[in-house]
Amino acid sequence: QVELVESGGGLVQAGGSLRLSCAASGRTFSFYIMGWFRQAPGKEREFVAAISWSGGNTDYADSVKGRFTISRDNAKNTVHLQLNSLKPEDTAVYYCARGPTAWRGATPARDRSDYDYWGRGTQVTVSS
């Protein structure tokens, strides 16, 4: 069984920064793509970013490219999402999830169905 636990959310003013973390249980963490999604009230859960097992490949939604950075530390079974230049429209619950093992193409894992384990989420609220 895999457990994912997010942390680091909070309330921040527009233009501010937050660093989200996701701690994963299980010895096979380093074999998988890890992703971040977000869901705003009344909206569908949407892809934010993904990172390959080695950390050598990353993919970002256009809406966050250049502002958010995904990273991972396989020795600590953690994946992070650095959120900079935050906007009110970034307000959402942020979820981390475990994806497939293989990185194929430029956008290998943007669909929710690509992910099999999910955390419970952490709230990010950006005030204007």
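What counts, and at which threshold
Residues numbered from 1 in each chain as written. Predicted model: local features only at pLDDT ≥ 70, side-chain atom pairs only at ≥ 80, totals over all residues. Heavy atoms only, no water. Core = buried A, V, L, I, M, F, W, Y, C linked by side-chain atoms within 4.5 Å. Buried < 20%, exposed > 50% of the residue type's maximum accessible area, 1.4 Å probe, protein only. Helix = DSSP H or I, 4+ residues; strand = E, 2+ residues; numbered from the N terminus. Contact = heavy atoms within 4.5 Å. Pairing = 2+ DSSP bridges. Axes fitted to C-alpha atoms, helices over the stretch in contact; angles between N-to-C directions. 1 Å grid on protein atoms, 1.4 Å probe; cavity = no way out; pocket = protein on both sides within 12 Å on 5 of 7 lines; lining within 4 Å. Points joined across faces, edges and corners; volume = space filled by probe spheres on them. Nonpolar A, V, L, I, M, F, W, Y, C, P; charged D, E, K, R; others polar. Phe/Tyr/Trp six-rings, centres within 6.5 Å; stacked < 30°, edge-to-face > 60°. Lys NZ or Arg CZ within 6 Å of the ring centre and 35° of its normal. Salt bridge = Lys/Arg side-chain N within 4 Å of Asp/Glu carboxyl O.

**Q** I'd like a description of the nonpolar core, backed by residues and values.
**A** Membership of the largest hydrophobic core comes to 36 residues, with the highest contact counts inside it found for Trp-36, Leu-81 and Tyr-94. Those elements that place two or more of their residues in this core are strand E3 (18–24), strand E4 (34–39), strand E5 (46–51), strand E7 (68–73), strand E8 (78–83), strand E9 (92–98) and strand E11 (122–127). The biggest single contributor to this core is E5, with five residues. Those residues in contact with Tyr-94 that sit more than four places away from it in its chain are Glu-6, Leu-20, Trp-36, Phe-37, Arg-38, Val-48, Phe-68, Leu-81, Leu-83, Gly-121, Thr-122 and Val-124.

**Q** Kindly report on the side chain of Asn-77, identifying the contributing residues and their values.
**A** Relative to the helices and strands, Asn-77 is located in the loop between E7 and E8. The exposure class of Asn-77 is buried, given its relative accessible area of 17%. Leaving out residues up to four positions away in the same chain, Asn-77 has contacts with Cys-22, Ala-23, Ala-24, Ser-25, Gly-26 and Phe-29.

**Q** Requested: an account of the sheet that holds strand E1 (residues 4–7), with residues and values cited.
**A** Reading across the sheet, the four strands line up as E1-E3-E8-E7 and stay open at both edges, with antiparallel pairing between neighbours. The sheet is open, and its two borders are formed by E1 and E7, each paired with just one other strand. In this sheet, adjacent strand axes meet at a mean angle of 15° when their direction is disregarded. Here six bridges tie E7 to E8, and the two strands are oriented antiparallel to one another. Looking across to E8, one finds that Ser-71 is bridged to His-80.

**Q** Quick rundown of empty space enclosed by the protein? Include the residues and the values.
**A** Here the structure, examined in full by the defined rule, presents one cavity of 30 Å³ or more. Approximately 50 Å³ is the volume attributed to the largest cavity. For the lining of the largest cavity, the class distribution of residues is six nonpolar, three polar and one charged.

**Q** Describe the packing of aromatic side chains, listing the residues and the values that go with them.
**A** Two descriptors summarise a pair of aromatic rings, namely the distance from one centre to the other and the angle between the planes of the rings. According to the stated counting rule, one finds four aromatic pairs in the structure shown. Three or more aromatic residues joined by ring pairs make a cluster, and in this case those are Phe-37, Phe-47, Tyr-115 and Trp-118. Between Arg-45 and the ring centre of Trp-118, over which it is positioned, the NZ or CZ distance is 5.0 Å.

**Q** Before we move on, could you go through the pattern of salt bridges and cite the residues and values that matter?
**A** Following the criterion strictly, the structure yields six salt bridges and no others. A salt bridge links Arg-38 to Glu-46, with the nearest nitrogen and oxygen atoms 2.6 Å apart. Between Arg-67 and Asp-90 there is a salt bridge, with its nearest N and O atoms 2.7 Å apart. Within this pair, whereas Arg-67 is found in the loop between strand E6 (58–60) and E7, its partner Asp-90 is found in the loop between E8 and E9, the two being separated by 23 residues in sequence. Residue class for Asp-90 comes out buried when judged on its relative accessible area of 1%. Connected through shared salt-bridge partners, Arg-38, Glu-46, Arg-67 and Asp-90 make up one network.

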